[in-house]
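A closer look at the structure
Take a look at the letters that make up each chain.
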Amino acid sequence: MSDETWRDPLKGPDKNEVAIDYVKAPDFRVMWADGAFGGVTPNGHVHCALYTERYAIPRRQIFKLDEAGALGPEVVEKQISRGSVVRELSCDLFLSPQTAENLAHWLLSQVALMKKASEE
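Residues numbered from 1 in each chain as written. Predicted model: local features only at pLDDT ≥ 70, side-chain atom pairs only at ≥ 80, totals over all residues. Heavy atoms only, no water.

**Considerations on the overall build of the protein chain**
A count of helical and extended segments in the protein chain gives 1 helix and 5 strands. Its helices and strands taken in sequence order, the protein chain reads β-β-β-β-β-α from the N to the C terminus. Relative to the compact-globule value of 14 Å for 120 residues, the protein chain shows a C-alpha radius of gyration of 25 Å, a clear excess of over 25%. With the principal axes as the frame, the protein chain shows a C-alpha extent of 80 × 45 × 40 Å. By element, 57% of the accessible surface of the protein chain is carried by carbon and sulfur atoms, the whole surface being about 10,900 Å². (Helix = DSSP H or I, 4+ residues; strand = E, 2+ residues; numbered from the N terminus. Rg over C-alpha atoms; globule rule 2.2 N^0.38 Å. Areas by Shrake-Rupley, 256 points an atom, 1.4 Å probe, with all protein chains shown as cover.)

Given below as C-alpha cells:
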C-alpha cells in the first residue's frame with residue numbers, strides 16, 4: 001500500500017462509518033511488562049504502573065587477572081550488590097474506569113484467542 005492510498009475516496013468510510021488512523025508519537029517505544037501495580041486515584045481514575053523484573057545488577061564486581069592480564073574468575077565474596085530483585089518502572093497508565101474495563105476485556109479476549117490457538 002502506498003503512502004497515498006489513504007487519500008483514495010473509495011477506501012474511505014461510508015456515511016455511517018468512521019476512519020481511525022494509528023500514528024506513532026515521536027517518543028513511541030516498545031516496553032516489556034512483567035507486572036503492574038497501582039490502584040484508584042483520588043480523582044476516580046485507575047492508576048497502573050508497569051514494571052520489568054530482574055535481579056539487581058551488582059554495584060561492583062572484583063575479578064582475578066590471569067598471568068597475561070586477562071580477566072579471570074570473579075571474587076564473589078567481594079561483590080557489592082543490593083542482593084534483591086529490582087522492579088524497574090517502565091511507565092504509568094492513568095485510565096478512566098470505562099477505559100480500564102475495556103482494556104481488561106480486551107486483554108482477556110487476547111488470552112482466550114492465544115489459548116484457543118494453542119489447542120488447535
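From this point, the narrative continues.
**Some details on a nonpolar patch on the surface**
Together, V18, I20 and Y22 make up a nonpolar patch on the protein surface, roughly 440 Å² of accessible area in all. On the secondary structure map, I20 appears in the segment before β1 (35–40). On the basis of relative accessible area, I20 is assigned to the exposed category, the value being 59%. (Patch = residues over 30% accessible without salt bridge, like charges linked within 9 Å, V, L, I, M, F, W, Y side chains within 5 Å. Salt bridge = Lys/Arg side-chain N within 4 Å of Asp/Glu carboxyl O. Buried < 20%, exposed > 50% of the residue type's maximum accessible area, 1.4 Å probe, protein only.)

**Regarding the packing of aromatic side chains**
What the rule picks out here adds up to 1 aromatic pair. Each ring, one from F37 and one from Y51, has its centre 6.2 Å from the other, and the planes form 40°; the classification is tilted. Taken together, the positions of F37 in strand β1 and Y51 in strand β2 (residues 46–55) put the pair 14 residues apart, joining distant regions of the chain. The exposure class assigned to F37 is partly exposed, which follows from its relative accessible area of 45%. (Phe/Tyr/Trp six-rings, centres within 6.5 Å; stacked < 30°, edge-to-face > 60°.)

**A word on the environment of T41**
Its location among the elements puts T41 in the loop between β1 and β2. The residues contacting T41, other than those within four sequence positions of it, are H47 and F94. (Contact = heavy atoms within 4.5 Å.)

**Quick notes on the sheet that holds strand β5 (residues 85–95)**
Ordered by their spatial adjacency, 3 strands build an open sheet running β1-β2-β5, and the pairing between neighbours is antiparallel. Edge strands, defined here as strands with exactly one partner in the open sheet, are β1 and β5. Strand-to-strand twist of the sheet, defined as the mean angle between neighbouring strand axes without regard to direction, takes the value 25°. (Pairing = 2+ DSSP bridges. Axes fitted to C-alpha atoms, helices over the stretch in contact; angles between N-to-C directions.)

**A closer look at the pattern of salt bridges**
Using the criterion set out here, one finds 2 salt bridges in the structure. Note that R87 is salt-bridged to E53, the shortest N-O span being 2.6 Å. In this pair, R87 sits in strand β5 while E53 sits in strand β2, placing the two residues 34 residues apart along the sequence. Looking at R87, the relative accessible area reads 49%, which means it is partly exposed. Here E88 ties to R54 by a salt bridge, and the two come within 3.7 Å at their closest N and O atoms. Here E88, found in strand β5, pairs with R54, found in strand β2; they are 34 residues apart in sequence, far enough to count as distant.

**Remarks on the environment of E88**
According to the relative accessible area criterion, E88 is partly exposed, its value standing at 42%. Not counting the four nearest positions on each side in its chain, E88 is found in contact with L50, Y51, T52 and R54.

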